[in-house]
Amino acid sequence: MTALLKRSETTVNVALGDRAYDIVIGRDVLVSLGARIASLRPGVRTAIVTDKTVARHWLEATEASLAAAGIATSRIVVDEGEASKTYAGLEKVSEALIAAKIERNDLVVALGGGVVGDLAGFAAAILRRGVDFVQVPTSLLAQVDSSVGGKTGINSPQGKNLVGAFHQPVLVIADTAVLDTLAPRQFRAGYAEVAKYGALGDEAFFSWLEANHGEVFKGGAAREHAIATSCRAKAAIVARDERETGDRALLNLGHTFGHALEAATGFSDRLFHGEGVAVGMVLAAEFSASLGMISQRDAARVARHLAEVGLPTKLEDIAGFVQEGLADADALMTLMAQDKKVRRGKLTFILLEAVGRAVIAKDVVPARVRDFLQDKLRV
Ligand SMILES: NC(=O)c1ccc[n+]([C@@H]2O[C@H](COP(=O)([O-])OP(=O)(O)OC[C@H]3O[C@@H](n4cnc5c(N)ncnc54)[C@H](O)[C@@H]3O)[C@@H](O)[C@H]2O)c1
Ligand SMILES: [Zn+2]
């Protein structure tokens, strides 16, 4: 079957002036990593940062591509999961990079999901006051979201992503075949971010996903198209607002509710980030409908598509959430207030006016959100 798939690739440019870079998306593009790095930085030395699971599947192929282009490399393998995105993880990676003699003009290669990308990217940002890095995202979430846009960092014991830097990669290689080894639940969670781009700014893409999601899950040309469209959407927003002083906040659609749900479930396997975003997007749509901003029909359309691919869309879909009373409306409000800027008693939310049209609402009255959540928790 694979042999029958036509080899193709799509390149999306992130237009950031002298820090502009390409995202190369396609089946088997990982093979070209070495040659691309060699032409971008002749004579460079590299270190690959990855996690144990990704290493098992993709480290050899990555090293082979670098070796074929005559690029010296060393490997730094961390434990998988959020536990590596810590001060201890950063120390381990930084010391290993120094030991590997990665110097100012060398390159760090982040091979993995969002955890590895954020950790390796931040280590690169601060090593010798900054060395360049290449993202080789291996989860769907990383390919459509975390590898693009230059946010890097680690978690503090006091909260997620609280320590970090903006540091753009010099190249992103998103091989769609690499996703074939990703656990189906992880793929689905990443898909929530893909649907998010349609919901927030591209109705035609949302409709395309409604018709073609089966093919996106299978792989092939539809998967490449979905990833490329997502990257193009993110790249356009990042190019307009790299440091999130305005429009970039639109990318947080579903994230205010989602983060609160993730926190309430202890950032555990009960709810992956993308799953929280799926429930969060539906809550954002329904809340928008309760304010009369979007039709009930459009809000239901968002929920229907996410449910169709098997994502959770209601609080009851989260294991034990309602049954065990993991959080009441007040607890969720407290978690959201921590996550978001509260200005003069008002909350900022990304709300929907239509499928494909999100807006930044800076003056949401907390009591309305609380009442809405209270209602949702009443099963
Ligand atoms: N920087 C940003 O802009 C940004 C945006 C969104 C999310 N994030 C961060 O990304 C992280 C989540 O990323 P994630 O969902 O990719 O998590 P992750 O990196 O933990 O990957 C999820 C799991 O999938 C495994 N995996 C990854 N690729 C695989 C493959 N090809 N085959 C088999 N297994 C594979 C990993 O080992 C891990 O166990 C969070 O820390 C979040 O804060 C950052
Ligand atoms: Zn997200």
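On a predicted model such as this, the values are computed, not experimentally measured, just so you know. (Residues numbered from 1 in each chain as written. Chains lettered and ligands numbered in written order. Predicted model: local features only at pLDDT ≥ 70, side-chain atom pairs only at ≥ 80, totals over all residues. Heavy atoms only, no water.)

Considering the overall build of the protein chain
Part 1 of the argument: The helix and strand tally for the protein chain stands at 13 helices and 12 strands.
Part 2 of the argument: In terms of overall size, the protein chain behaves like a compact globule, its C-alpha atoms giving a radius of gyration of 20 Å where 379 residues would be expected to give roughly 21 Å.
Part 3 of the argument: With the principal axes as the frame, the protein chain shows a C-alpha extent of 60 × 45 × 40 Å.
Part 4 of the argument: Counting every position in the protein chain, which comprises 379 residues, the buried fraction comes to 55%.
Part 5 of the argument: Considering only contacts within the protein chain whose residues lie at least 6 apart along the sequence, 73% involve residues at least 24 apart.
Part 6 of the argument: Surface accessibility of the protein chain: about 16100 Å² in total, with carbon and sulfur atoms responsible for 51%.
Part 7 of the argument: Of the charged side chains in the protein chain, 44 are positive and 45 negative, and the gap between their average positions amounts to 3 Å. (Helix = DSSP H or I, 4+ residues; strand = E, 2+ residues; numbered from the N terminus. Rg over C-alpha atoms; globule rule 2.2 N^0.38 Å. Buried < 20%, exposed > 50% of the residue type's maximum accessible area, 1.4 Å probe, protein only. Contact = heavy atoms within 4.5 Å. Areas by Shrake-Rupley, 256 points an atom, 1.4 Å probe, with all protein chains shown as cover. Lys, Arg positive; Asp, Glu negative; His and termini not counted. Charge placed at Lys NZ, Arg CZ, Asp CG, Glu CD.)

So, helix α9 (residues 255-264)
Note that an α-helix has 3.6 residues per turn; residues three or four places apart therefore point the same way.
Part 1 of the argument: Among the 10 residues of α9, eight are classified as buried, and the element is accordingly described as predominantly covered.
Part 2 of the argument: Listing the buried residues of α9 in full gives His 255, Thr 256, Phe 257, Gly 258, Ala 260, Leu 261, Glu 262 and Ala 264.
Part 3 of the argument: Directly after α9, the chain includes Gly 266, whose backbone phi takes a positive value near 70°.

What about the site of ligand 1?
Part 1 of the argument: Near ligand 1, the surroundings consist of 25 residues, among which Asp 51, Gly 114, Thr 138, Ser 139 and Thr 181 are the closest.
Part 2 of the argument: Between ligand 1 and Ser 139, the relevant distance is 2.6 Å, taken from an oxygen atom to a side-chain nitrogen or oxygen of the residue.
Part 3 of the argument: Taking Thr 181, its side chain carries an N or O atom lying 2.7 Å from a nitrogen atom of ligand 1.
Part 4 of the argument: In the complex, the protein chains occlude 88% of the 860 Å² of accessible area that ligand 1 would expose alone.
Part 5 of the argument: At the level of elements, α2 (52-68), α4 (114-126), α5 (140-146) and β8 (159-166) are the ones that each hand at least two residues to the shell around ligand 1.
Part 6 of the argument: It is α2 that contributes the most residues to the shell around ligand 1, four residues altogether.
Part 7 of the argument: Tallied by class, the residues present in the shell around ligand 1 amount to six nonpolar, 10 polar and nine charged. (Near = heavy atom within 4 Å. Polar contact = N/O pair within 3.5 Å; in protein donor to acceptor, adjacent residues only side chain to side chain. Nonpolar A, V, L, I, M, F, W, Y, C, P; charged D, E, K, R; others polar.)

Some remarks on the coordination of the zinc ion (ligand 2)
Part 1 of the argument: The zinc ion (ligand 2) binds to the protein through Glu 193 (OE), His 255 (NE2) and His 273 (NE2), with metal-donor distances spanning 2.0 to 2.1 Å.
Part 2 of the argument: Read in sequence order, the donor residues coordinating the zinc ion (ligand 2) give the pattern E-x61-H-x17-H. Highlighted residues: Glu 193 in helix α6 (residues 184-201) and His 255 in helix α9, separated in sequence by 62 residues.
Part 3 of the argument: The exposure class assigned to Glu 193 is buried, which follows from its relative accessible area of 0%. (Donors = N, O, S within 2.8 Å, 3.2 Å for Na, K, Ca; no water.)

Here we look at unusual backbone geometry
Part 1 of the argument: You will see that Arg 129, though not glycine, has its phi angle at about 60°, which is positive.
Part 2 of the argument: When you line up the elements, Arg 129 lands in the loop between α4 and β6 (132-137).
Part 3 of the argument: Given a relative accessible area of 80%, Arg 129 falls into the exposed group.
Part 4 of the argument: Positioned with a positive phi, Asn 161 is a non-glycine residue whose angle comes to about 55°.
Part 5 of the argument: Secondary-structure assignment places Asn 161 in strand β8.

Brief notes about the packing of helix α10 (residues 273-290) against helix α13 (residues 366-377)
Part 1 of the argument: It is at 11 Å that the axes of α10 and α13 come closest, and there the two elements cross at 115°. In the crossing of α10 with α13, the sense of the turn from one axis to the other is right-handed. Residues Leu 283, Glu 286, Phe 287 and Ser 290 of α10 form the contact with α13, whose own contacting residues are Arg 368, Val 369, Phe 372, Leu 373 and Lys 376.
Part 2 of the argument: Counted by class, the contact of α10 with α13 contains five nonpolar, one polar and three charged residues. (Axes fitted to C-alpha atoms, helices over the stretch in contact; angles between N-to-C directions. Left-handed = near helix turned anticlockwise from the far one by under 90°.)

Topic: the packing of aromatic side chains
Part 1 of the argument: What the rule picks out here adds up to seven aromatic pairs.
Part 2 of the argument: Seen from their ring centres, Tyr 191 and Phe 217 are 5.1 Å apart, and the 45° between their planes marks the pair as tilted. Here Tyr 191, found in helix α6, pairs with Phe 217, found in helix α7 (residues 203-218); they are 26 residues apart in sequence, far enough to count as distant.
Part 3 of the argument: In this structure Tyr 191 comes out as buried when scored by relative accessible area, which is 0%.
Part 4 of the argument: Judged by centre distance (6.2 Å) and plane angle (50°), the ring pair of Phe 257 and Phe 372 falls under tilted. (Phe/Tyr/Trp six-rings, centres within 6.5 Å; stacked < 30°, edge-to-face > 60°.)

What to know about the side chain of Ser 94
Part 1 of the argument: Among the secondary structure elements, Ser 94 is positioned in helix α3 (residues 87-99).
Part 2 of the argument: Polar side-chain contacts of Ser 94 include one of 2.7 Å to the backbone oxygen of Leu 90.

Looking at the packing of α6 against helix α8 (residues 221-240)
Part 1 of the argument: Viewed as axis vectors pointing N to C, α6 and α8 meet at an angle of 55°, and their least axial separation amounts to 10 Å. Considered as vectors, α6 and α8 are oriented oblique to each other. Crossing handedness for the pair α6 and α8: left-handed. Taking contact as the criterion, the partners of Phe 187, Val 194, Tyr 197 and Leu 200 in α6 are, on α8, Arg 223, Ala 226, Ser 230, Ala 233, Lys 234 and Ile 237.
Part 2 of the argument: When grouped by side-chain class, the residues that make up the contact of α6 with α8 number seven nonpolar, one polar and two charged. (Parallel < 35°, antiparallel > 145°, perpendicular 65-115°, else oblique.)

Considerations on the environment of Asp 28
Part 1 of the argument: Inspection of the secondary structure puts Asp 28 in the loop between β2 (21-26) and α1 (33-40).
Part 2 of the argument: Look at Asp 28 and you get partly exposed, because its relative accessible area is 28%.

Considering the pattern of salt bridges
Part 1 of the argument: For the coordinates displayed, the defined rule picks out 25 salt bridges.
Part 2 of the argument: A salt bridge links Asp 180 to Arg 223; the shortest N-O distance between them is 2.9 Å. Pair noted here: Asp 180 is in the loop between β9 (171-175) and α6 and Arg 223 is in helix α8, with a separation of 43 residues, a long-range link.
Part 3 of the argument: Here Asp 330 makes a salt bridge to Arg 370, at a shortest N to O gap of 2.6 Å. With Asp 330 in helix α12 (residues 329-339) and Arg 370 in helix α13, the pair connects residues that are 40 residues apart, well separated along the chain. (Salt bridge = Lys/Arg side-chain N within 4 Å of Asp/Glu carboxyl O.)

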